[in-house]
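# Residue-level structure breakdown
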Amino acid sequence: MKDKNIILIFIVTFMMILYSYYLNCITADNFVSTKVECDVSLSGSLLSEKIYGEISSYNVLVDSSDYTESEYDITIYNQESFSLYNWTIELSVPEDAYIENCWNAQYEKMGTHLRLTPVLENSVIYKNNSHTIGIIMVTEDDYTPEEIKFIGFKYIDPIDTVSFIIITIAAVIWAALLIRYFVTRYNLKEYHEKQLNDEKIILQSMNTFINFIDAKDAYTRGHSRRVAMYAAEIASRMKMSAEEVQAVYYCGLLHDAGKISIPDAILNKPGALTDEERMTIQSHTVNGGKILEKFNSIKGIRESAMYHHERYDGTGYPEGLKGDAIPIYARIIGVADAYDAMSSNRVYRRHLNKDEIIEQMQSGSGTQFDPNIVKYMIDMINDGFVNIVKMETADEATDLDIKASMFAKI
Ligand SMILES: [Fe+2]
């Protein structure tokens, strides 16, 4: 998956988590409307002693000290799992009762009805917390409060909800995946850099070896590089995988490795070759196979050196293999090698022109060349790819960079 899409997924999931948290807050706020209303009977209590009452889980303490000038302390203990919001206390009092003082609350007296509203920040008593309010009330008659009514509303903190725990877990997983993504991306970048460096080392080593081979014959200078690039392009057009295209390129580079063992005098002989000299030159295939025998880290490299002069009809050398018995890399390199030979000057002749080459390629289809491969080479001649390769490989110094950029694309 592309990096852009992954980043987009992270942003979308982050927005979803934020939106879930927002919904969770709204849901929690809705619980504020849940009303809590309880009565507690205090009958039989004396004003001179502390009176304890309990409203559900809310404990109420009434502390009084005087018959005619009564002082009440009422403490609300919240032992529930939610906070209390906007609560009031209501109690019956004598008609003539006069409220002399009131603390931590506002009062409202209507006849025998007294309402106390605590003065609290946001009118909230948080869970496991308490709040005390009090009044001094003057009456002419003895008075003992018989009942207190408690009215409040539930207030649920969004962070205490189950959904918040789920959202938190999702956020933690999201953050872990994000970190893992960036760590993987960093490691991958380092891996690619190392891979590119390794590739450069392989190419430089091969090019050094190729320079030895090509130096033996001034007329074939750049031949191995061009054959490698033609062969890689054929493999690419045959829809081979990137790894195979790369392997074909390396095989093309070293296909003539065996020429290192051929005397320069025979390689550069301008006149006709004797049978013995021809056999010596042809032995570069078997010699190449031997040189590359242990080079098994690149698939097909030994076979390509060994069999690139086999012909499709079985009349080639060194073993006279026929058709699909010839390894496919060797068949591809055979076509690329033949094209480069036809399009380059040789010690014994000048290069052929485009029409002559196409004609020879077509006449060799099914005899010298695999017909399913040579057609791609003809396409490359017709669409000008081969000219681009010639221009690029003309400057040997940039050859490595061109190749590196070519592999970066495949
Ligand atoms: Fe060859």
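It should be emphasised that the depicted structure is a prediction, and the values quoted were computed from it without experimental measurement.

So, on to the coordination of the iron ion. Protein-derived coordination of the iron ion comes from D256 (OD), H284 (NE2), H308 (NE2) and H309 (NE2), at a distance range of 2.2 to 2.5 Å. For the iron ion, the four donor atoms in the first shell make angles of 81 to 166 degrees at the metal, so the coordination geometry reads as irregular. Positions of the donor residues of the iron ion, expressed as sequence spacing, correspond to D-x27-H-x23-H-H. Relative accessible area serves as the criterion here: at 3%, H308 is assigned to the buried category. H309 sits in the partly exposed class, given a relative accessible area of 23%.

Right, let's get into the pattern of salt bridges. Enumeration over the complete set of coordinates arrives at 13 salt bridges. Between D340 and R226 there is a salt bridge, and its shortest N-O distance comes to 2.6 Å. You can see D340 sitting in helix α8 (residues 328-343) and its partner R226 sitting in helix α3 (residues 223-237), a full 114 residues away along the chain. Under the relative-accessibility criterion, D340 is labelled buried at 0%. Judged by its relative accessible area of 10%, R226 is buried.

Attention now moves to the confidence of the model for the chain. Atom-level detail of predicted coordinates should not be read off regions where pLDDT is low. Predicted confidence across the chain gives a mean pLDDT of 82, with 82% of residues reaching 70 or more. Put simply, strand β2 (residues 50-55) is where the chain has its lowest mean pLDDT, 42, and helix α7 (residues 301-307) is where it has its highest, 96. Counting contacts from residues 45-67, a segment whose pLDDT is below 50, to residues more than four positions away or on other chains yields 72 contacts. Within the model, the stretch residues 396-410 combines pLDDT values under 50 with 23 contacts to residues more than four positions away or in other chains.

Note the cis peptide between Y317 and P318, where omega equals 15 degrees. Topologically, P318 is positioned in the loop between α7 and α8. If you check the backbone angles, N104 has positive phi at about 60 degrees while not being a glycine. Relative to the elements of secondary structure, N104 occurs in the loop between β6 (98-103) and β7 (105-110). Even without being a glycine, K239 presents a positive backbone phi close to 65 degrees. For K239, the location among the structural elements is in the loop between α3 and α4 (242-253).

Helix length check: helix α10 (residues 371-382), at 12 residues, gives a terminal C-alpha distance of 17 Å against a target of 16 Å (1.5 Å per residue), a fit within 8%. Within α10, burial applies to I373, V374, M377, I378, M380 and I381. Projected onto a plane normal to the axis of α10, the buried residues spread over an arc of 160 degrees and lie on a single side. In this structure D370 caps α10, since a side-chain oxygen of it lies 2.9 Å from the backbone nitrogen of N372.

Within the element layout of this structure, H284 appears in helix α6 (residues 275-291). Engagement of the side chain of H284 in a polar contact is seen with the side chain of H309, the distance being 3.3 Å.

Attention now goes to the pairing of strand β5 (residues 83-92). Burial analysis of β5 places seven of its 10 residues in the buried class, the great majority of the element. Bridging between β5 and strand β11 (residues 147-155) involves seven bridges; their strand directions are antiparallel. Counterpart to Y85 in the pairing with β11 is F153. The pairing of β5 with strand β8 (residues 113-118) spans four bridges and is classified as antiparallel. Across the sheet, residue L91 finds its bridge partner in β8, namely L114.

A separate point is the side chain of S304. Among the structural elements, S304 can be located in helix α7. Under the relative-accessibility criterion, S304 is labelled buried at 1%. Those residues within four positions of S304 in sequence are excluded, and the remaining contacts are C251, H255, Y329, A330 and I333.

Right, let's get into the nonpolar core. M361 and M377 are the most contacted members of the largest nonpolar core, which totals 47 residues. Excluding anything up to four places from it in sequence, M361 contacts V335, A338, Y339, M342, F369, V374, M377 and I378.

Once that is clear, we can look at the packing of helix α9 (residues 354-364) against α10. One way to put it is that α9 packs onto α10 with a least axis distance of 10 Å and a crossing angle of 170 degrees. As far as their axial angle goes, α10 and α9 are roughly antiparallel. From α9, K354, I357, I358, M361 and Q362 reach across to α10, where they touch V374, M377, I378, I381 and N382.

With that out of the way, let us pick up the packing of aromatic side chains. This structure, assessed with the given rule, holds eight aromatic pairs. Ring geometry for F14 and W174: centres 5.0 Å apart, planes at 35 degrees, overall tilted. In this pair, F14 is assigned in helix α1 (residues 3-30) and W174 in helix α2 (residues 162-215), connecting sequence segments 160 residues apart. Residue classification places F14 among the partly exposed positions, given a relative accessible area of 36%. Clustering of aromatic rings is evident, with ring pairs tying together F10, F14, W174, Y181 and F182.

Further remarks concern the packing of α3 against α10. At a minimum axis separation of 10 Å, α3 and α10 run at an interaxial angle of 110 degrees. Put simply, α3 runs roughly perpendicular to α10. Relative to α10, the crossing made by α3 is right-handed. Across from Y230, E233, I234 and R237 in α3, the residues of α10 making contact are I373, Y376, M377, D379 and M380.

Rules behind the numbers
- Residues numbered from 1 in each chain as written.
- Predicted model: local features only at pLDDT ≥ 70, side-chain atom pairs only at ≥ 80, totals over all residues.
- Heavy atoms only, no water.
- Donors = N, O, S within 2.8 Å, 3.2 Å for Na, K, Ca; no water.
- Tetrahedral: all angles 85-135°; square planar, octahedral: opposite > 155°, others 65-115°.
- Buried < 20%, exposed > 50% of the residue type's maximum accessible area, 1.4 Å probe, protein only.
- Salt bridge = Lys/Arg side-chain N within 4 Å of Asp/Glu carboxyl O.
- Helix = DSSP H or I, 4+ residues; strand = E, 2+ residues; numbered from the N terminus.
- pLDDT = per-residue confidence, 0-100.
- Contact = heavy atoms within 4.5 Å.
- Expected span 1.5 Å × (residues − 1).
- Arc of directions from axis to C-beta.
- Polar contact = N/O pair within 3.5 Å; in protein donor to acceptor, adjacent residues only side chain to side chain.
- Pairing = 2+ DSSP bridges.
- Core = buried A, V, L, I, M, F, W, Y, C linked by side-chain atoms within 4.5 Å.
- Axes fitted to C-alpha atoms, helices over the stretch in contact; angles between N-to-C directions.
- Parallel < 35°, antiparallel > 145°, perpendicular 65-115°, else oblique.
- Phe/Tyr/Trp six-rings, centres within 6.5 Å; stacked < 30°, edge-to-face > 60°.
- Left-handed = near helix turned anticlockwise from the far one by under 90°.

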